[in-house]
Every structure is written in C-alpha cells, then in structure tokens.
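What the coordinates show
The residues making up each chain are set out below.
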Amino acid sequence: MRLYELCLVGRWYRDALEGRGGGGEPADQLLRRIENVLGRARAASARREKA
C-alpha cells in the first residue's frame, strides 16, 4: 500500500511543480505527504527488524 501511495503522491507533486494541478494541493504540502509516507514505511520496517 505504501508504494502505491508514494507513487500517487509523487506524481501529484511532480504535476504541481510543473503547474499541471497536483491533486489540488500545493507542492509544499505534497512534499510533506511524501515525507510522511516515507516515515511510516521506515517505522514499519524498523518494527519488522525488531520482530
């Protein structure tokens, strides 16, 4: 799920930078969403390593 979400938000971010929309959000907010997805993926990976 995180890979799909990362790809989707990444595309919106690229579109926002190129002036083609961006899912209706400004580029800076989309960048924060990308960082959030990556942070959740890191946390999930760390939990798996401990198990």
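Residues numbered from 1 in each chain as written. Predicted model: local features only at pLDDT ≥ 70, side-chain atom pairs only at ≥ 80, totals over all residues. Heavy atoms only, no water.

1. Quick look at the side chain of Glu-25
Of note, Glu-25 is situated in the loop between α1 (2-17) and α2 (27-50). Within the structure, Glu-25 has its side chain in polar contact with the side chain of Arg-33 (distance 2.3 Å). The residues touching Glu-25, leaving out its near neighbours within four places in the chain, are Ala-16, Leu-30 and Arg-33. (Helix = DSSP H or I, 4+ residues; strand = E, 2+ residues; numbered from the N terminus. Polar contact = N/O pair within 3.5 Å; in protein donor to acceptor, adjacent residues only side chain to side chain. Contact = heavy atoms within 4.5 Å.)

2. Quick notes on the pattern of salt bridges
Should their charged atoms come close, side chains of opposite charge can pair. One pass over the structure, following the stated rule, counts six salt bridges. Taking the shortest distance from any N to any O, the salt bridge between Arg-33 and Glu-25 comes out at 2.3 Å. Using a relative accessible area of 32% as the deciding quantity, one classes Arg-33 as partly exposed. The shortest N-O distance in the salt bridge between Asp-28 and Arg-32 comes to 3.8 Å. Placement of both Asp-28 and Arg-32 in helix α2 is noted, with a separation of four residues, approximately one turn of the helix. Residues joined by salt bridges that share partners form a network here, namely Arg-14, Asp-15, Glu-18 and Arg-20. (Salt bridge = Lys/Arg side-chain N within 4 Å of Asp/Glu carboxyl O. Buried < 20%, exposed > 50% of the residue type's maximum accessible area, 1.4 Å probe, protein only.)

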